[in-house]
Amino acid sequence: NKESSNSRGALIVLEGLDRCGKTSQSGRLYKYLDEQGHSVESWRFPDRNTGVGQMISSYLANKSQLDDHAIHLLFSANRWEKRSLMEEKLKSGTTLIVDRYSYSGVAFSSAKGLDIEWCKAPEIGLLAPDLVVYLDISPEKAAERGGYGDERYEQLEFQKKVAGSYLSLRDSSWKVIDATLSIEDVEKKLREVVLDRMMTCHKGKPMSQLWP
Ligand code: FDM
């Protein structure tokens, strides 16, 4: 796992419904890669630490109301404000494990009925992930896990629509992992696909932009 000084990091994105285990898996993956001596960071969207992120957070907590299009553009702006840092990190050899990205943006907003092409447009030009991993669980199973919080989208009927949107966004490049397997089995499968893709990035896979 010695990364040569001119090799770039990989942009790894984890997607899935609420309660699919994304956040714990991205934490475990981060810890593993870090312990193996890789240069790696754990990111998430929305990034609630920025000014835009605070507006998003307040919306999700039902503390403010926004037009569906307006909140969609804020989620997108929240990615744009991190784009240059993201590119810098990747070029300097750091792998980024990102919990949600543009696919969440499109899946959640189109689940509300917004036109999918309209939803994709503001994402054009953001960095394309080197790997998208979808942690697959049915909305019903996810709901059974309990722990839906009080945030705006954490409801079974809405999650069913989001699942449908994700399905129409998925393509053959996505790695789909059965999120109902044990935590350890999901972790093992995730490590495999991620290490493999990190290798192709180190070897010079070019960076690209959405939507490829
Ligand atoms: N979400 C997340 C969106 O609607 N659009 C986006 O672009 C992103 C990144 O925000 F319900 C939704 C998905 C989720 C909520 O995400 C907050 P976390 O992962 O629970 O913080």
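Residues numbered from 1 in each chain as written. Predicted model: local features only at pLDDT ≥ 70, side-chain atom pairs only at ≥ 80, totals over all residues. Heavy atoms only, no water.

A. Quick look at the nonpolar core. Of all hydrophobic cores here, the largest spans 37 residues; its most connected members are Leu-11, Met-86, Val-98, Tyr-101, Tyr-103, Val-162 and Tyr-166. Those elements giving two or more residues to this core turn out to be β1 (11–15), α2 (51–60), α3 (68–91), β3 (95–99), α4 (102–111), β4 (131–136) and α7 (156–169). Ignoring any residue separated from it by four or fewer positions in sequence, one finds Tyr-103 in contact with Val-13, Glu-15, Pro-129, Val-132, Tyr-166, Leu-169, Trp-174, Leu-210 and Trp-211. Counting residues in hydrophobic clusters, the runner-up holds 22 residues, among them Tyr-32, Leu-33, Ala-179 and Val-194. (Core = buried A, V, L, I, M, F, W, Y, C linked by side-chain atoms within 4.5 Å. Buried < 20%, exposed > 50% of the residue type's maximum accessible area, 1.4 Å probe, protein only. Helix = DSSP H or I, 4+ residues; strand = E, 2+ residues; numbered from the N terminus. Contact = heavy atoms within 4.5 Å.)

B. Seen up close, the sheet that holds β3. Taken together, five strands build an open sheet; the order of strands is β2-β3-β1-β4-β5 and the sheet is parallel. Here the strands that pair on one side only, and so sit at the sheet edges, are β2 (40–44) and β5 (175–178). Neighbouring strand axes in the sheet, compared pairwise and without regard to direction, differ in orientation by 20 degrees on average. Across four bridges, the pairing between β1 and β4 is parallel. Bridge pairing in β4 links Val-13 to Val-132. (Pairing = 2+ DSSP bridges. Axes fitted to C-alpha atoms, helices over the stretch in contact; angles between N-to-C directions.)

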